[in-house]
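What the coordinates show
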Number of protein chains: 2
Amino acid sequence: MREGLVAAAFRLFLERGYERTTVDDIVALAGVGRRSFFRYFPSKEDVVFPDHERCLTDMTAYLAGSPAGTEPVRRVCDAARLVLRMYAENPSFSVQRYRLTKQVPGLRAYELSVVWRYERALAAYLRGRFAGSADGTLRADVIAAAVVAAHNNALRSWLRSGGTADANTTADHALGCVQSAFGEPQAPPRGLDSGDLVIVVARRDAPLWRVVREVESALGRD
Amino acid sequence: MREGLVAAAFRLFLERGYERTTVDDIVALAGVGRRSFFRYFPSKEDVVFPDHERCLTDMTAYLAGSPAGTEPVRRVCDAARLVLRMYAENPSFSVQRYRLTKQVPGLRAYELSVVWRYERALAAYLRGRFAGSADGTLRADVIAAAVVAAHNNALRSWLRSGGTADANTTADHALGCVQSAFGEPQAPPRGLDSGDLVIVVARRDAPLWRVVREVESALGRD
């Protein structure tokens, strides 16, 4: 019945617009009563985002169940992926909703309040992990906001691709940016010892030939 | 008249609560007509945040007027201080409003939409500054979110102090955290500007031509 209500609602939103669709129209098309609608959805806005409550619950449980010693920034990045996965599970629905949300200011406001709740869930976990350390609350808030912004950047890219891009690759890239700014340095990739890396520092105005000679020398090829 | 309306509104909000105060009550106490109210404020919510529109305009102008060569992360941090200054100009009003906003869900939602507009103004400036560089949009979005989160953390500390703490010191500390994560390093060693240095990291087994191409690109000679 829940899925039937969502399907009926979206068919009407697309046909006649969100504002001109009433809850009565939705229940008439779905063939159920008003009480059934409100048993699942507190308001018309909620039917547009039917999975966020479940996803918020999943995210909170995921964070609460973090094994001891988990790197906290990596953990919140992985928690954010749960949201992206929810979108990616149903690309055509997500893309339709994205177009709808851009057109209806009330839905934009609703979405902001949902995003805020995800951000607070991430920040609450980080505040716990950073408790007692200098600027723990500040760092928790800043990192949670950065993770949400990176996630949303990836999500928008994916939605703009019409849901055809690879959501995981997009997310890896965006969240990697946050992890490199705030996370603990990761162990170097397998098979690459830091002794295998060469670092060359040069003045910007140095002649190129001199820099190349430096590089050759550092690489042991001179 | 505008100030009179704000004062009348807040007196009623504190006396009988936000929800139970109507625009009619406010204009009656202020001794003006309904049309005067709506000339200044599109809705009852707007009278709670009478200065955000002006502050958003100021911030946008401040960013648009950035001198060439300004370090962009420092600039958005300074732009965020304009918002804190607006709050700090009137501590008792700001603290009253903070308490009110925490109690009324509709005002929380309104505040989120205002914060979102500040964040988009900062991100738009950074997107312009990072245009053409790798991951420019992503970095712009992440840094704008981090600046807003740091600002809000400082603002909340200040509001919780009842407006008695030094707002600038709190902001310096919080925004400093963002600048050290994302900004260009400040105060380079004497006689050598950090912009003059190029650092290339390569795998020891990388082909020489690839390293040279990296160096050329880093030196801006490609």
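Residue numbering note: each chain is counted from 1, following its sequence as written. Just so you know, chain letters begin at A and ligand numbers begin at 1, following the order they were written in. Only residues with pLDDT of at least 70 get local features here, since the model is predicted, and only at 80 or more are side-chain atom pairs given and counted; chain-wide, interface and lining totals rely on the full set of residues. Water and hydrogen atoms play no part in the side-chain values, which are based on all heavy atoms of the structure.

1. Examining the overall build of chain A
Formally: Only DSSP runs of H or I with at least four residues qualify as helices, and only runs of E with at least two residues qualify as strands; both kinds are numbered from the N terminus onward. Buried residues are those whose accessible area, probed at 1.4 Å on protein chains only, stays under 20% of the maximum for their type, while exposed residues exceed 50% and partly exposed ones sit between those limits. The method behind every accessible area is Shrake-Rupley, applied with a 1.4 Å probe, and residues are considered shielded solely by the protein chains displayed.
For chain A, the helix and strand inventory stands at 11 helices and 1 strand. The linear arrangement of helices and strands in chain A, starting from the amino end, is α-α-α-α-α-α-α-α-α-α-β-α. Counting over 222 residues, chain A shows a buried share of 46%. Of the roughly 11400 Å² of accessible surface on chain A, 51% is carried by carbon and sulfur atoms.

2. Some details on the packing of aromatic side chains
All names here are of chain A. Condition: Between rings of Phe, Tyr and Trp, where Trp is taken as its six-membered ring, a pair exists when centres lie within 6.5 Å; planes separated by under 30 degrees are stacked, by over 60 edge-to-face, and by other angles tilted.
Applying the stated criterion to the full structure yields 15 aromatic pairs over all chains. Each ring, one from Phe49 and one from Tyr110, has its centre 5.0 Å from the other, and the planes form 10°; the classification is stacked. Pair noted here: Phe49 is in the loop between helix 4 (44-48) and helix 5 (52-64) and Tyr110 is in helix 8 (residues 105-129), with a separation of 61 residues, a long-range link. Judged on exposure class, the residue Phe49 and its partner Tyr110 are both buried.

3. Considerations on the packing of helix 6 (residues 72-88) of chain B against helix 10 (residues 167-182) of chain B
Residue and element names in this part refer to chain B. Threshold: Each axis is a line fitted through C-alpha atoms, taken for helices only over the stretch in contact, and angles between the N-to-C directions span 0 to 180 degrees. Here the word oblique covers every angle except those under 35 degrees (roughly parallel), over 145 (roughly antiparallel) and from 65 to 115 (roughly perpendicular). Take the far helix as the reference: if the near one is turned anticlockwise from it by less than a right angle, the crossing is left-handed, and if turned clockwise, right-handed. Pairs of residues are marked as contacts when any of their non-hydrogen atoms sit within 4.5 Å. We call Asp, Glu, Lys and Arg charged. Ala, Val, Leu, Ile, Met, Phe, Trp, Tyr, Cys and Pro are nonpolar, and the rest, Gly among them, are polar.
Taken N-terminus to C-terminus, the directions of helix 6 and helix 10 make an angle of 160°; their axes are 10 Å apart at the nearest point. Judged by the angle between their axes, helix 6 and helix 10 are roughly antiparallel. Our pair here, helix 6 against helix 10, has a crossing hand that is right-handed. Touching Val73, Arg74, Cys77, Arg81, Leu84 and Ala88 of helix 6 are Ala167, Asn168, Ala171, Asp172, Leu175, Gln179 and Phe182, all from helix 10. Looking at the contact of helix 6 with helix 10 residue by residue, the class counts come to 8 nonpolar, 2 polar and 3 charged.

4. Quick look at the pattern of salt bridges
The criterion, for reference: Take a side-chain nitrogen of Lys or Arg and a carboxyl oxygen of Asp or Glu: if they are within 4 Å of each other, that pair is a salt bridge.
Under the counting rule described, the total for this entry stands at 22 salt bridges over all chains. Arg117 of chain A serves as the salt-bridge partner of Glu53 of chain A, at 2.7 Å between the closest nitrogen and oxygen. With a gap of 64 residues between them, Glu53 of chain A in helix 5 and Arg117 of chain A in helix 8 connect regions that are remote in the sequence. For Glu53 of chain A, a relative accessible area of 45% translates into the label partly exposed. For Arg117 of chain A, a relative accessible area of 41% translates into the label partly exposed. For Arg108 of chain B, the salt bridge is made with Glu111 of chain B, and the minimal N-O distance between the two is 3.1 Å. In this pair, Arg108 of chain B and Glu111 of chain B are both assigned in helix 8 (residues 105-129), 3 residues apart and thus about one turn of the helix distant. Each of Arg120, Arg127 and Asp141 of chain A together with Arg156 of chain B takes part in a single network of salt bridges with overlapping partners.

5. So, the confidence of the model for chain A
Here is the rule we go by: pLDDT is defined as a per-residue confidence score from the predictor, taking values between 0 and 100.
Per-residue confidence for chain A gives a mean pLDDT of 87; residues scoring 70 or more make up 83%. Taking the mean pLDDT of every element in chain A, the minimum, 65, falls on strand 1 (residues 197-203) of chain A and the maximum, 96, on helix 9 (residues 136-160) of chain A.

6. Overview of helix 10 (residues 167-182) of chain A
Just so we agree on the cut-off: A helix is expected to span 1.5 Å multiplied by its residue count minus one.
With 16 residues, helix 10 of chain A ought to run about 22 Å at 1.5 Å a step, and its terminal C-alpha atoms sit 23 Å apart, in line with that. Restricting attention to buried positions, one finds in helix 10 of chain A the residues Ala167, Ala171, Ala174, Leu175, Cys177, Val178, Gln179 and Phe182 of chain A. In this structure, the buried residues of helix 10 of chain A make contact with helix 6 (72-88) and helix 9 of chain A together with helix 9 (136-160) and helix 10 of chain B.

7. Examining the UniProt feature "DNA-binding region" (unreviewed entry) in chain A
For the record, the criterion: UniProt positions are given in the numbering used here, feature names are shortened, and annotations may be inferred rather than shown by experiment.
Here, the residues flagged by UniProt with the feature "DNA-binding region" (unreviewed entry) are residues 22-41 of chain A. Along residues 22-41 of chain A, the helical share is 75% and the strand share 0%, with 13 Å between the first and last C-alpha atoms.

8. Focus: the environment of Cys177 of chain B
Mapped onto the elements of the fold, Cys177 of chain B is located in helix 10. Excluding its chain neighbours within four sequence positions, the residues that come into contact with Cys177 of chain B are Leu138 and Arg139 of chain A.

9. Observations concerning the side chain of Ser36 of chain B
Residue and element names in this part refer to chain B. With respect to the element layout, Ser36 can be found in helix 3 (residues 34-40). The exposure class of Ser36 is buried, given its relative accessible area of 11%. Excluding residues that lie within four positions of it along the chain, Ser36 makes contacts with Met1 and Leu5.

10. Some points on the packing of helix 1 (residues 2-16) of chain A against helix 7 (residues 91-103) of chain A
In a packed pair of helices, the relevant descriptors are the angle between the two axes and the axis-to-axis distance. Residues and elements named next belong to chain A. Between helix 1 and helix 7, the least distance of the axes is 11 Å, while the angle of their chain directions is 45°. Accordingly, the angle class assigned to the pair helix 1 and helix 7 is oblique. The two elements helix 1 and helix 7 cross, and the hand of that crossing is left-handed. Counting all contacts with helix 1, which are made through Val6, Phe10, Phe13 and Leu14, the residues of helix 7 involved are Phe93, Gln96, Arg97 and Leu100. Class assignment of the residues belonging to the contact of helix 1 with helix 7 gives a composition of 6 nonpolar, 1 polar and 1 charged.

11. Things to note about unusual backbone geometry
Residue and element names in this part refer to chain A. We note that Asp135 has phi near 55°; this positive angle belongs to a residue other than glycine. If you trace the backbone, Asp135 turns up in the loop between helix 8 and helix 9. For Asp135, a relative accessible area of 34% gives the class partly exposed.

12. Quick look at helix 1 of chain A
Residues and elements named next belong to chain A. The end-to-end C-alpha separation of helix 1 is 21 Å, in line with the 21 Å expected for 15 residues at 1.5 Å each. Of all the residues in helix 1, the buried ones are Leu5, Val6, Ala8, Ala9, Phe10, Leu12 and Phe13. Looking at the buried positions of helix 1, the neighbouring elements they touch are helix 2 (23-30), helix 3 (34-40), helix 4 and helix 7. Remark: Gly17 follows helix 1 within two positions and exhibits a positive phi of approximately 95°.

13. Regarding the environment of Val95 of chain B
All names here are of chain B. Mapped onto the elements, Val95 comes out in helix 7 (residues 91-103). When the C-alpha positions of Val95 and Gly163 are compared, they lie 6.6 Å apart, and in sequence the two are 68 residues distant. The residues contacting Val95, other than those within four sequence positions of it, are Leu159, Gly162 and Gly163.

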